[in-house]
Amino acid sequence: MVTEILIFVALLLFCRFLIISLRGGGRTGRAWNPPPCPPGVPLLGNLAVFLGTQPLYVALRRLGRKHGDVFGLRMCGKDFVVLGSSGAIREAFVKRSVDFAGRPYMFSISLLTRKNCGIAFSDYGPAWRGHRKDAASALRLSLKAGSVESDGHPGRSIAEKTISQEVSHLVSKMAVSDGCPINPSDMLTVALINTVCSLTFGCRYGPSDAEMKAFVSANHKLKELFKPGHPLDLFPFLKMFPSKRMRTIQEIIASRDSILQAQYQDHVATFRPDNIRDITDAFLKSMQDAGGNDDASDDVTMTEDQVVMSMWEIFAGGFESTFQTLRWALAYLLHYPEVQKRLQDEIDNNVPVGLPTWRDRSRLPYLEATVLETLRHSSFSSLNGPHVTTCDTKIGDYDIAQGTTVLCNLWWVHHDPENWKDPDNFRPEHFLDEAGKVFTPKHFLPFSVGPRFCLGKQLATMGLFLYLGGILKHFTLACTPGKKPPSLEPESSEPIRTIGEYEIILTKRESRDPVCLPA
Ligand code: HEM
């Protein structure tokens, strides 16, 4: 039976391969000019590039050096185009935004997201536009300045207050380590989980909460699912057979639903439209408002699945990316003590009392530049989220067919010596002009660009700034005596770049104001 199915699939792929091979020249009467494509093998195409042991972004840089900043790949009958320069990425995502705004179908992601509900994995169309708008306005509510303060300045947003509370908790927990080596992941996990939980559904967890721990460990496995070319995505019928990927998907769904579904039910039971407590309430309000709108199509209306998946994306995206980027930041400081010293001097001179606030960033340009340099150098999301073309389109002189999956090599854009002076070194100066003011070079794209750019860009940048500033105000970071700083090579070859576990020693800076728990 299995052999027959495999033969059938091979025949299907062969037919598709023939159709694609014969397509050149036949599209519109003029010559079809596809991007250059490295030679592949019949049927499988360039599958070897996707399944090699090298990280995909490194393999794509090697091919880009030979074929240019726009080149094609084929895998089992599917077309890919790889963009390796900020110019090509901007042309695609900004200039021809709608043409490139789709999301490719991946079987495993569809299983995970209740058939691509939510924002990040839903294809381009009215439903995605509506849900993205709802999520953006929910986030805007958290980021909206609070009432004016006594000094006439705008008050802090709910997001900033929430993050600052968690920074205070973190700093007081760190103080207890008192010079003993610690793994920063444990404390950062609790702090960042509580930041996103408070914002998303108004709840905090203790450090040993079993439900939270299961959720975090399942969340870390998410990155395994994002690599294109997995057999389960190429041949969904393989779901009939037990596999590590199917087990991972089931584990993530079980732990996610045990928390989020319960939070959803609680919020529905206690919802009051005149008292929006958190992001989940803001989603429920959109759902209620759309319910009263007879013009809203079923697709666009927020459903229970849409709300729960959107909660999860804010939660999972917000936690994992900020958590991993902060771990990179602390590791860089162990490698570059002179950057740490300069940061501490800047904070001491400009924020003598209390923790740095978001409003202080005009006075803390080196801290802001360090956050941006961490995003550039670590390039957590090395290949961006995959997009798919929604119609036949172009980049430069090349024709790109509808349905082509688009991969952007953000890691390479961030490390190309054409774009950056000394790109492999960690230098916050990459983001400071001659007057010492922060600027963002056009080659800096950690959050992508165009209609699908990261929804959490502002929240993430603010979180990284406040966490890093708070930690450095109170502690000096060092390696355990006799140990080297952690390797700056990512721990695996996944497109999501994470650094391996490491230890640090935190020494209290005695001259600082005392660490105290938030009220
Ligand atoms: C260091 C932190 C972060 C980085 C580096 C990052 C990076 C990215 C990237 C590269 C994309 C793909 C954009 C594209 O496909 O063109 C993305 C999408 C997204 N991010 Fe983030 N992100 C971060 C934090 C966050 C946070 C805190 C949230 C939640 C509040 C969030 C929510 C999302 C969502 C919902 C999308 C999907 C957007 C869409 O498809 O329309 N991210 N992010």
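Model, not experiment: these values are computed from the prediction.

A.B. asks: Please set out the overall build of the chain residue by residue, giving values where relevant.
C.D. replies: Across its full length, the chain carries 17 helices and eight strands. Over its C-alpha trace the chain gives a radius of gyration of 24 Å, about what one expects of a compact globule, namely 24 Å for 519 residues. Here the C-alpha coordinates of the chain stretch approximately 75 × 55 × 45 Å along the principal axes. Of all intrachain contacts in the chain linking residues separated by at least 6 positions in sequence, the fraction that spans at least 24 positions is 75%. A total of about 23100 Å² of accessible surface is found on the chain, and carbon and sulfur atoms cover 57% of it. For the chain, the distance from the average position of its 58 positive side-chain charges to the average position of its 56 negative side-chain charges is 3 Å.

A.B. asks: Go over the sheet that holds strand β1 (residues 70–75), please, and point to the residues and values.
C.D. replies: Across the sheet, four strands lie side by side as β1-β2-β6-β3; this open sheet has mixed pairing. The open sheet is flanked by β1 and β3 (387–388), the only strands paired with a single partner. The pairing of β1 with strand β2 (residues 78–83) spans six bridges and is antiparallel. From the neighbouring strand, Val70 faces β2, where its bridge partner is Leu83. Contacts from helix α3 (residues 56–67) reach β1, β2 and β6 (405–408) within the one sheet, and its direction differs from that of β1 by about 125°.

A.B. asks: Which residues make up the site of the ligand, and what are the values?
C.D. replies: Lining the immediate environment of the ligand, one finds 23 residues, of which Arg103, Arg132, His387, Ser448 and Cys454 sit closest. Between an oxygen atom of the ligand and a side-chain N or O atom of Arg132, the distance comes to 2.8 Å. Note that an oxygen atom of the ligand is positioned 2.7 Å from one of the side-chain N or O atoms of His387. A total of four residues in the shell around the ligand trace back to one element, the largest contributor, which is helix α13 (residues 304–335). Taken together, the residues of the shell around the ligand sort by class into eleven nonpolar, nine polar and three charged.

A.B. asks: Mind laying out the UniProt feature "binding site: heme" (unreviewed entry) in the chain, listing which residues take part and the relevant values?
C.D. replies: Under the UniProt annotation, the feature "binding site: heme" (unreviewed entry) is placed at Cys454. Inspection of the secondary structure puts Cys454 in the loop between α16 (410–415) and α17 (457–474).

A.B. asks: Tell me about the packing of aromatic side chains, and please be specific about residues and values.
C.D. replies: Using the criterion set out here, one finds 14 aromatic pairs in the structure. Summarising the aromatic geometry, the rings of Phe50 and Phe80 are spaced 4.9 Å apart at their centres and angled 50° between planes, so their arrangement reads as tilted. Here Phe80 lies in strand β2 and Phe50 lies in helix α2 (residues 47–51), a separation of 30 residues in the sequence. Side by side, Phe50 and Phe80 carry an identical accessibility label, which is buried. With a centroid separation of 5.7 Å and an interplanar angle of 15°, the aromatic rings of Phe201 and Phe315 are classed as stacked. A residue pair is termed long-range when its members are at least 10 positions apart, and Phe201 in helix α8 (residues 184–201) and Phe315 in helix α13 qualify at 114 residues.

A.B. asks: Explain the packing of helix α15 (residues 365–378) against α17 to me, and be specific about the residues and the numbers.
C.D. replies: Two elements in contact, α15 and α17, have axes whose closest approach is 10 Å; the angle formed by their N-to-C orientations is 120°. Taken together, the axes of α15 and α17 are oblique relative to one another. With respect to the hand of their crossing, α15 and α17 are arranged in right-handed fashion. Here α15 contributes Leu367, Glu368, Thr370, Val371 and Leu375 to the contact with α17, which in turn contributes Thr461, Leu464, Phe465, Leu468 and Gly469. The class makeup of the residues in the contact of α15 with α17 is six nonpolar, three polar and one charged.

A.B. asks: Tell me what's going on with helix α9 (residues 210–220), and back it up with residues and numbers.
C.D. replies: Those residues of α9 not exposed but buried are Met212, Phe215, Val216, Ala218 and Asn219. Burial along α9 is one-sided: seen end-on, the buried residues are contained in an arc of 165°. Those residues of α9 that are buried are in contact with α8, α11 (244–270) and α13. Regarding α9, its N-cap is Asp209, as a side-chain oxygen of that residue lies 3.0 Å from the backbone nitrogen of Glu211 further along.

A.B. asks: Tell me about the environment of Phe50, residues and numbers included.
C.D. replies: The buried category is assigned to Phe50, whose relative accessible area is 1%. Sequence-wise, Phe50 and Cys76 are 26 residues apart; in three dimensions their C-alpha atoms are separated by 11 Å. Phe50 has contacts with Leu56, Leu73, Met75, Phe80, Lys227, Pro228 and Leu407, leaving out every residue within four places of it along the chain.

A.B. asks: Before we move on, can you summarise the pairing of β2 with the specific residues and values?
C.D. replies: Here β2 lies mainly inside the structure; five of its six residues are buried. With antiparallel pairing between neighbouring strands as the criterion, β1 and β2 make up a hairpin whose turn holds two residues, including Cys76 at a positive phi of roughly 45°. Bridge count for β2 against β6 is four bridges, and the pairing is parallel. Looking at β6, one finds that Val82 is bridged to Leu407.

A.B. asks: Before we move on, could you go through the pattern of salt bridges and cite the residues and values that matter?
C.D. replies: In this structure the tally under the stated criterion is 19 salt bridges. Between Glu251 and Lys221 there is a salt bridge, and its shortest N-O distance comes to 2.7 Å. Within this pair, whereas Glu251 is found in helix α11, its partner Lys221 is found in the loop between α9 and α10 (231–234), the two being separated by 30 residues in sequence. For Arg342, the salt bridge identified is with Glu429, shortest N-O distance 3.2 Å. With Arg342 in helix α14 (residues 337–350) and Glu429 in the loop between α16 and α17, this pair connects stretches of sequence that are 87 residues apart. Exposure remark for Arg342: the relative accessible area of 41% places this residue in the partly exposed category. We classify Glu429 as partly exposed; its relative accessible area is 30%.

A.B. asks: Give a description of the environment of Asp416 that names residues and reports values.
C.D. replies: If you trace the backbone, Asp416 turns up in the loop between α16 and α17. According to the relative accessible area criterion, Asp416 is buried, its value standing at 12%. Linking Asp416 and Arg61, residues 355 residues apart in sequence, is a C-alpha distance of 9.4 Å.

Reading the values: the criteria
All residue numbers refer to position in the chain's written sequence, counted from 1. The model is predicted, so local features are restricted to residues of pLDDT at least 70 and side-chain atom pairs to those at 80 or more, both for listing and for counting; the totals for chains, interfaces and linings are taken over all residues. Side-chain measures here rest on the full set of heavy atoms in the structure, leaving out hydrogens and waters. Strands are runs of DSSP state E lasting at least two residues, helices are runs of H or I lasting at least four, and both sets are numbered from the N terminus onward. As defined in this context, the radius of gyration uses C-alpha atoms, and a globule is described by 2.2 Å times the residue total to the power 0.38. Residues are treated as being in contact if the distance between any of their heavy atoms lies within 4.5 Å. Each accessible area is a Shrake-Rupley result for a 1.4 Å probe, and residues are judged covered by the shown protein chains and nothing else. Charge assignment: positive for Lys and Arg, negative for Asp and Glu; neither His nor the chain ends contribute. Positions of charges follow a simple convention, taking NZ of Lys, CZ of Arg, CG of Asp or CD of Glu. Pairing between two strands is assigned when DSSP locates at least 2 bridges connecting them. An axis is simply a line fitted to the C-alpha atoms; with a helix, the fit covers only the stretch in contact. Between two such axes, the angle follows the N-to-C directions and lies from 0 to 180 degrees. Near is defined per residue: the residue qualifies when any heavy atom it owns lies within 4 Å of the molecule or strand. Polar contact is defined as a pair of N or O atoms within 3.5 Å, subject to the rule that within protein one atom must be able to donate a hydrogen and the other to accept it, and that residues adjacent in sequence are counted only when both atoms are side-chain atoms. Classification used: nonpolar for Ala, Val, Leu, Ile, Met, Phe, Trp, Tyr, Cys and Pro, charged for Asp, Glu, Lys and Arg, polar for all others including Gly. UniProt positions are given in the numbering used here, feature names are shortened, and annotations may be inferred rather than shown by experiment. Two aromatic rings, drawn from Phe, Tyr or Trp (for Trp, its six-membered ring), form a pair once their centres lie within 6.5 Å of each other, and the interplanar angle then sorts them: stacked below 30 degrees, edge-to-face above 60, tilted otherwise. Only protein chains enter the accessibility calculation, which uses a 1.4 Å probe. A residue is then buried if its area is under 20% of the maximum for its type, exposed if over 50%, and partly exposed in between. An angle counts as roughly parallel when it lies under 35 degrees, as roughly antiparallel when it exceeds 145, as roughly perpendicular when it falls between 65 and 115, and as oblique in every other case. By the definition used in this description, the sense in which the near helix is turned from the far one sets the handedness, with an anticlockwise turn below a right angle giving left-handed and a clockwise turn giving right-handed. Directions from the helix axis toward the C-beta atoms define the arc. For this analysis, a salt bridge means a side-chain nitrogen from Lys or Arg found within 4 Å of a carboxyl oxygen belonging to Asp or Glu.

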